[in-house]
Amino acid sequence: MKFDLDNLNPGVFFPFEDDDDEKGGVEIRVANAGTMEIINKETTKKKVEWRRNQRVEYDVVDEDKRSRMLWDYVIISWKNVDDNNGNPIPCTTENKIKLMKESPIFSGFVGNCIDTLTAESETRDEELEKN
């Protein structure tokens, strides 16, 4: 098995189904364990409270920040994503977050892409276990 040490988690381009002529789409990658560790560390804080003279420790997760960091990592780039005037929408962190939060069509498409990549990864893992 070969690995590209400069790009261990490459993206996969998913074309828009209704955009055959323009070849628009989104390049997506799966959030690997290392990335999830960083995101979890950045978005999870320990909280301590005293209840009936007992110390209770629990995690508080900033879900909004977690989602923003995850979307920024998972969406690498896009092509032919335009505004109503036909102007290209730059693939910035802010635009990724806006589209994922406010556009059910875009977020649904990205969610389906992530599901596809996750399923393919699980299938490969199962095949490796069999061998």
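Only a predicted model underlies this, so the values are computations on that prediction, with no experimental measurement involved. (Residues numbered from 1 in each chain as written. Predicted model: local features only at pLDDT ≥ 70, side-chain atom pairs only at ≥ 80, totals over all residues. Heavy atoms only, no water.)

**Thoughts on the overall build of the protein chain**
So, step 1. Counting its regular elements, the protein chain contains 4 helices and 5 strands.
So, step 2. Reading the secondary structure of the protein chain in the N-to-C direction produces β-β-α-β-β-α-β-α-α.
So, step 3. At 19 Å, the protein chain has a C-alpha radius of gyration far larger than the 14 Å of a compact globule built from 131 residues.
So, step 4. Taken along its principal axes, the extent of the C-alpha atoms in the protein chain is 65 × 50 × 25 Å.
So, step 5. For the protein chain, contacts bridging at least 24 residues in sequence account for 48% of all contacts bridging at least 6.
So, step 6. Element-wise, carbon and sulfur atoms account for 48% of the exposed surface of the protein chain, whose accessible area totals about 9900 Å².
So, step 7. Placing the 19 positive and 29 negative side-chain charges of the protein chain at their respective mean positions leaves the two points 10 Å apart. (Helix = DSSP H or I, 4+ residues; strand = E, 2+ residues; numbered from the N terminus. Rg over C-alpha atoms; globule rule 2.2 N^0.38 Å. Contact = heavy atoms within 4.5 Å. Areas by Shrake-Rupley, 256 points an atom, 1.4 Å probe, with all protein chains shown as cover. Lys, Arg positive; Asp, Glu negative; His and termini not counted. Charge placed at Lys NZ, Arg CZ, Asp CG, Glu CD.)

**Looking at helix 1 (residues 33-43)**
So, step 1. Looking only at helix 1, the buried set comprises Thr35, Met36, Ile39 and Thr43. What you see down the axis of helix 1 is that its buried residues fit within an arc of 95°, all on one side. Turned more than 90 degrees away from the buried face of helix 1 sit Ala33, Glu37, Ile38 and Lys41, all of them exposed.
So, step 2. Tucked inside the fold, the buried residues of helix 1 contact strand 3 (44-51), strand 4 (54-61) and helix 2 (63-74). (Buried < 20%, exposed > 50% of the residue type's maximum accessible area, 1.4 Å probe, protein only. Arc of directions from axis to C-beta.)

**A few points about the packing of aromatic side chains**
So, step 1. In the structure shown here, the tally under the stated rule is 2 aromatic pairs.
So, step 2. Taking 5.0 Å as the distance between ring centres and 55° as the angle between the ring planes, the aromatic pair formed by Phe16 and Phe109 counts as tilted. One end of the pair, Phe16, is in the loop between strand 1 (12-15) and strand 2 (25-28); the other, Phe109, is in helix 4 (residues 104-130), with 93 residues separating them in the sequence. The two residues Phe16 and Phe109 agree in class, both being buried. (Phe/Tyr/Trp six-rings, centres within 6.5 Å; stacked < 30°, edge-to-face > 60°.)

**As for the sheet that holds strand 1**
So, step 1. Read across the open sheet, the 3 strands follow the order 1-2-5; overall the sheet is antiparallel. Of all the strands in the sheet, just strand 1 and strand 5 (75-79) have a single pairing partner and so form its edges. Within the sheet, the average angular offset between the axes of one strand and its neighbour, ignoring direction, is 20°.
So, step 2. Relative to the sheet, helix 2 contacts strand 2 and strand 5, its axis offset from that of strand 5 by approximately 60°. (Pairing = 2+ DSSP bridges. Axes fitted to C-alpha atoms, helices over the stretch in contact; angles between N-to-C directions.)

**Overview of helix 3 (residues 93-102)**
So, step 1. Within the span of helix 3, buried status applies to Lys96, Ile97, Leu99 and Met100. End-on view of helix 3: buried residues confined to an arc of 170°, all on one side of the axis. In helix 3, the exposed positions that point more than 90 degrees away from the buried face belong to Glu94 and Glu102.

**Notes on the confidence of the model for the protein chain**
So, step 1. For the protein chain, per-residue confidence averages 90 on the pLDDT scale, and residues scoring 70 or more make up 95% of the total.
So, step 2. Averaged pLDDT values for the elements of the protein chain fall to 86 in helix 4 and rise to 97 in helix 3. (pLDDT = per-residue confidence, 0-100.)

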